[in-house]
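Summary of structural features
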Amino acid sequence: MKIWHKIGKLAQPLTYRRAWRRAQRFIFRLPLGPLRTDIDQERLREIQQRYAGSTAKYAKYANVDPWLRLNRERVQDLKLHRSAPKRVLDLGCGGGFFLFILKKLGHSVLGLDIDQAPLFAELLDVFDVPRVVWRINAFEPLPDLGQKFDWITAFSINFNLHYPGERLWGPAEWDFLLRDLQRHLAPAGKIFFGLNPSFGGNYYTPELRDFFLRRGADVERARIFFDRGVRF
Ligand SMILES: C[S@@+](CC[C@H](N)C(=O)[O-])C[C@H]1O[C@@H](n2cnc3c(N)ncnc32)[C@H](O)[C@@H]1O
């Protein structure tokens, strides 16, 4: 049974896409060693000791190594380690792992996040990643960020949750955000969203998936990629 399951999976395009991404990461490597050299290890250790065993929200991010590795994959998958310098805005940037790697690679970076987790402020400081403090709300435009961006990204998103109703944003909320992001994008700019499975465990409703496709996104489970801009 197991072997048929495996063969069945091989026939799925999704399996090929993932395997291709893994192969590309292997071929076009991005060693973390040189990237780590600028991190103040003493300060990082002090932060880690303070958060060891902490139940604070997001305390798991104090153990930076797995998150650096995860974000290295994100950088590799978007091919940003093989690209000319870009201006990148990361929404809900958290501790700034993704932008730290990009900055070390020569890109110009800006994070945007609410200021709710002191750990994230400390990590952003250690990584020397700039952040605009801002809460993304449905149907509210982002502030003037003083520049245009070649890339706008957001990973493990949770600004798209309505509380206390526990409802995910639908097409109307996403449409507003996409139109607003367009104002901040340079010509030929790209947008990438990495969704979180939420509430019922799904990334989106069929209706929202169709909406992303209509707007020109490549949709692959959590990955919503507007590689050639947004279609309005
Ligand atoms: C699960 S964490 C992911 C952090 C980071 N993107 C990463 O992948 O490591 C979600 C992030 O979204 C931020 N966030 C949640 N709601 C937000 C909102 N309404 N506006 C802006 N950021 C928000 C949180 O503060 C947090 O940094």
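As shown above, the structure is provided for reference.
Residues numbered from 1 in each chain as written. Predicted model: local features only at pLDDT ≥ 70, side-chain atom pairs only at ≥ 80, totals over all residues. Heavy atoms only, no water.

Things to note about the overall build of the protein chain
Check the secondary structure of the protein chain and you find nine helices and nine strands. Compactness check: the protein chain gives a C-alpha radius of gyration of 18 Å against a globular reference of 17 Å for 232 residues, within 12% of the reference. Here the C-alpha coordinates of the protein chain stretch approximately 50 × 45 × 40 Å along the principal axes. Per-residue burial over the protein chain gives 46% buried out of 232 residues. Summarising the internal contacts of the protein chain: among those between residues at least 6 apart in sequence, 65% fall at separations of at least 24. Accessible area of the protein chain: about 12700 Å², with a carbon and sulfur share of 53%. Charge centroids of the protein chain, computed over 38 positive and 25 negative side chains, lie 9 Å from each other. (Helix = DSSP H or I, 4+ residues; strand = E, 2+ residues; numbered from the N terminus. Rg over C-alpha atoms; globule rule 2.2 N^0.38 Å. Buried < 20%, exposed > 50% of the residue type's maximum accessible area, 1.4 Å probe, protein only. Contact = heavy atoms within 4.5 Å. Areas by Shrake-Rupley, 256 points an atom, 1.4 Å probe, with all protein chains shown as cover. Lys, Arg positive; Asp, Glu negative; His and termini not counted. Charge placed at Lys NZ, Arg CZ, Asp CG, Glu CD.)

Focus on the side chain of Arg-215
Looking at the secondary structure, you find Arg-215 in the loop between helix H9 (206–214) and strand E8 (218–220). Here Arg-215 falls in the buried class, since its relative accessible area comes to 15%. At a separation of 3.0 Å, a polar atom in the side chain of Arg-215 contacts the side chain of Asp-175. Once residues within four sequence positions are removed from consideration, Arg-215 is found in contact with Asp-175, Leu-178, Arg-179, Phe-226, Gly-229, Val-230, Arg-231 and Phe-232. (Polar contact = N/O pair within 3.5 Å; in protein donor to acceptor, adjacent residues only side chain to side chain.)

Focus on the site of the ligand
Arg-74, Gly-92, Asp-113, Ile-136 and Asn-158 are the nearest of the 17 residues found near the ligand. Residue Asp-113 places a side-chain N or O atom 2.5 Å away from an oxygen atom belonging to the ligand. In the environment of the ligand, a nitrogen atom lies 2.9 Å from a nitrogen or oxygen atom belonging to the backbone of Phe-155. Grouping the constituent residues of the shell around the ligand by class yields nine nonpolar, five polar and three charged. (Near = heavy atom within 4 Å. Nonpolar A, V, L, I, M, F, W, Y, C, P; charged D, E, K, R; others polar.)

With respect to the pairing of strand E7 (residues 185–194)
In terms of residue burial, E7 counts as a mostly covered element, since seven of its 10 residues are buried. When strand E4 (residues 149–154) meets E7, the two strands line up parallel, connected through five bridges. Pairing of Thr-153 across the sheet is with Phe-192, part of E7. The pairing of E7 with strand E9 (residues 223–226) spans four bridges and is classified as antiparallel. Within E9, the residue paired with Phe-192 across the bridge is Phe-225. (Pairing = 2+ DSSP bridges.)

Some thoughts on unusual backbone geometry
A positive phi angle, near 60°, is found at Lys-79, a position not held by glycine. Within the secondary structure layout, Lys-79 lies in the loop between helix H5 (64–77) and strand E1 (87–91). In this structure, Ser-156 is a non-glycine residue whose phi angle is positive, near 45°. The exposure class assigned to Ser-156 is partly exposed, which follows from its relative accessible area of 33%.

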